[in-house]
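Below are the chains, spelled out letter by letter.
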Amino acid sequence: MSDPLTPYGNRPMVTPIVHAVNYEYRDFEVLRKITDGEIDGYTYHRDDNPTVRAVEKKIAALEEAEDCVVCTSGMAACTLVYLTYLKAGDHLILFHDTYGAHYKVSLILERLGVEITWLNADESSRLDQYVKTNTAMIFLETPTNPLCKVIDIAAARRAADCSGARLIVDNTFATPYHQHPIALGAHLVVHSATKALGGHNDLMAGAIAGPKEDYDKLWFTRQAIGATLDAYSASLLERGIKTFALRAERMAANAQAVAEHLRGHPRVRRFSYPGLGDDPGHTVATKQMHNGFGGMMAFDVGETQEDAKKFISALKVVCHAVSLGSTESLICIPYLTTMLYLPLERRTTFGVQSNTVRLSIGIEPVEQILEDLDQALNVV
Ligand SMILES: Cc1ncc(COP(=O)(O)O)c(C=O)c1O
């Protein structure tokens, strides 16, 4: 029987969205071959889906990885990694300067018997001192969320090797356009594909890229707990990826211009962007990032949270919203948003203040962004 989508071998230009949850088996032998992994085939959506599989291959290629598991959100991806590789008695190293929801997941992991050490990104140069015989995983972001600090991935891998721990790098802020953590020593790369890979604020997805043997392990966990992405979101993600490199290039060029323009502004303090020559992370960023330094930056506005609120409220082009990596420039106060669920003392221990803003630069004409930021800083 010929494929109705390609009766003359002329493939559709877009991966079809396969909404089917289940697939009719031609016979028992086909069922056996699919479930034994002898042939590619689909049985049930929680196991696999062709639209999802197509986007997994694309993300694997972007990350120069053998394969990729896509799931329902960035946090689902992180949690899949934790559940796949950690057990009671293991030690996990995390950084305070990491997307806030990890704190919540850490409470669950501790309940399950995982021991956790939290470090400041500034302590990453001494990471090996915190590795213990039972350290099974080091999980880091670079640049970090929200303060855009840079952690040396190759050095982190050397520290992980002291105990045979797995090094996991969340590459959401950098994106594969600027950084390839696997080539630098990471065992796995994690993404909130909700961000720059999708790029249009219209889907949630997560991705984990790495070697084929890890694909099998992560696939097992995803299948077991049912975190498989729906086909429509997978299709939106695949469409986003088609323009990803163009958007990433523009965001980084815009961000570099914004950072150079804003860092000396009298109402701005503690400007953090790895693309600035005097940024503490610049040397390592230059070593491990390429094609520029991404679209994310953080800085303090005025002296108080009221100053930061006045600034954000006056913006007309830059949108006050969480999330990042999208076509639109987005800004938020992490203290009130992504870090909100952290106990108060934790929010400030690693350097986030109540007037710190996180800015994700979009693809608008750069003059519009600069003009908007300038006029809004004038009201502070
Ligand atoms: C660096 C980073 N990793 C992971 C996540 C979680 O992603 P999601 O919101 O898709 O669950 C976020 C969300 O903002 C993030 O910024």
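Since we're looking at a predicted model, the values are computed, not measured.

The rules we used
Residues numbered from 1 in each chain as written. Predicted model: local features only at pLDDT ≥ 70, side-chain atom pairs only at ≥ 80, totals over all residues. Domains from an automatic or database assignment. Contact = placed C-beta atoms within 7 Å. Helix = DSSP H or I, 4+ residues; strand = E, 2+ residues; numbered from the N terminus. Nonpolar A, V, L, I, M, F, W, Y, C, P; charged D, E, K, R; others polar. Near = placed C-beta within 6 Å. Buried ≥ 20, exposed ≤ 12 C-beta atoms within 10 Å, placed from the backbone. Pairing = 2+ DSSP bridges. Core = buried A, V, L, I, M, F, W, Y, C linked by C-beta atoms within 7 Å. Axes fitted to C-alpha atoms, helices over the stretch in contact; angles between N-to-C directions. Parallel < 35°, antiparallel > 145°, perpendicular 65-115°, else oblique. Left-handed = near helix turned anticlockwise from the far one by under 90°. Expected span 1.5 Å × (residues − 1).

### Details of the domain arrangement of the protein
(1) Moving on: Per the domain assignment, the segments of the protein are domain 1 (28-242) and domain 2 (244-377).
(2) Moving on: Contacts between the two partners involve 32 residues from domain 1 and, on the opposite side, 38 residues from domain 2.
(3) Moving on: At the level of elements, α4 (101-111) and α8 (231-242) are the ones that each hand at least two residues to the side of domain 1 that touches domain 2.
(4) Moving on: Taken together, the residues of the side of domain 1 that touches domain 2 sort by class into 15 nonpolar, twelve polar and five charged.

### Brief notes about the site of the ligand
(1) Moving on: What surrounds the ligand is a group of 13 residues, the closest being Ser73, Gly74, Met75, Ser192 and Thr194.
(2) Moving on: Taken together, the residues of the shell around the ligand sort by class into four nonpolar, seven polar and two charged.

### Remarks on the pairing of strand β9 (residues 296-301)
(1) Moving on: Among the six residues in β9, six count as buried, and that is most of the element.
(2) Moving on: By the alternation rule, side chains of β9 split into Met296, Ala298 and Asp300 and Met297, Phe299 and Val301, which are all buried.
(3) Moving on: Pairing analysis gives three bridges linking strand β8 (residues 268-272) to β9, with the strands arranged antiparallel. Looking across to β9, one finds that serine 272 is bridged to alanine 298.

### What to know about the nonpolar core
(1) Moving on: Ranked by size, the top nonpolar core spans 112 residues in total, and within it Val70, Val81, Ile138 and Ile208 carry the most contacts.
(2) Moving on: Both domains that meet at this core, namely domain 1 (28-242) and domain 2 (244-377), each give it at least three residues.
(3) Moving on: Excluding anything up to four places from it in sequence, valine 70 contacts Val52, Val55, Glu56, Ile59, Ala193, Ala205, Ala207, Leu229 and Ala234.

### Section: the packing of helix α3 (residues 74-85) against α4
(1) Moving on: Between α3 and α4, the least distance of the axes is 11 Å, while the angle of their chain directions is 30 degrees. It follows that α3 is roughly parallel to α4 by the angle criterion. Of the two possible hands of crossing, α3 and α4 adopt the one that is right-handed. Note on element contacts: α4 touches α3 through Ala101, His102, Val105 and Leu109, opposite Met75, Cys78, Thr79 and Tyr82.

### Quick notes on unusual backbone geometry
(1) Moving on: With an omega of -10 degrees, the peptide bond running from threonine 142 to proline 143 counts as cis.
(2) Moving on: Relative to the assigned elements, proline 143 resides in the loop between β4 (135-141) and α5 (153-161).
(3) Moving on: Omega for the bond connecting asparagine 145 with proline 146 falls within 30 degrees of zero, at 10 degrees, which places this linkage in the cis form.
(4) Moving on: Assignment of secondary structure puts proline 146 in the loop between β4 and α5.
(5) Moving on: Residues other than glycine seldom take positive phi values, yet asparagine 201 does so here, at roughly 60 degrees.
(6) Moving on: Secondary-structure assignment places asparagine 201 in the loop between β6 (188-192) and β7 (206-210).

### Re the sheet that holds β9
(1) Moving on: Strand order in the open sheet formed by five strands is β8-β9-β12-β11-β10, and the pairing between neighbours is mixed. The open sheet has two free edges, formed respectively by β8 and β10 (319-320), since each of these has just one partner strand.
(2) Moving on: Against the sheet, helix α11 (residues 305-314) contacts β9, β10, β11 (330-332) and β12 (356-360), and its axis sits at roughly 125 degrees relative to β9.

### Some points on the packing of α3 against helix α7 (residues 212-225)
(1) Moving on: Following both chains from N to C, one finds α3 and α7 inclined at 110 degrees, their axes separated by 9 Å at the closest point. Classed by the angle they form, the pair α3 and α7 counts as roughly perpendicular. Contacts between α3 and α7 involve Leu80, Leu83 and Thr84 from the first element and Lys217, Leu218, Thr221 and Arg222 from the second.
(2) Moving on: Classifying every residue of the contact of α3 with α7 by side-chain character gives three nonpolar, two polar and two charged.

### Regarding α8
(1) Moving on: The terminal C-alpha atoms of α8 lie 17 Å apart, and with twelve residues this matches the ideal 16 Å at 1.5 Å per residue to within 8%.
(2) Moving on: Most of α8 sits out of view: nine of its twelve residues are buried.
(3) Moving on: Every buried residue of α8 is listed here: Ala231, Ser233, Ala234, Ser235, Leu236, Leu237, Glu238, Gly240 and Ile241.
(4) Moving on: Against α2 (50-62), β1 (67-71) and α9 (244-262) lie the buried residues of α8.

### Re the environment of tyrosine 335
(1) Moving on: Along the chain, tyrosine 335 falls in the loop between β11 and α12 (344-349).
(2) Moving on: The exposure class of tyrosine 335 is buried, given the 22 C-beta atoms found within 10 Å.
(3) Moving on: Here the alpha-carbon distance between tyrosine 335 and valine 352, two residues 17 residues apart in the chain, equals 6.9 Å.
(4) Moving on: Leaving out residues up to four positions away in the same chain, tyrosine 335 has contacts with Arg347, Val352, Gln353, Ser354 and Thr356.

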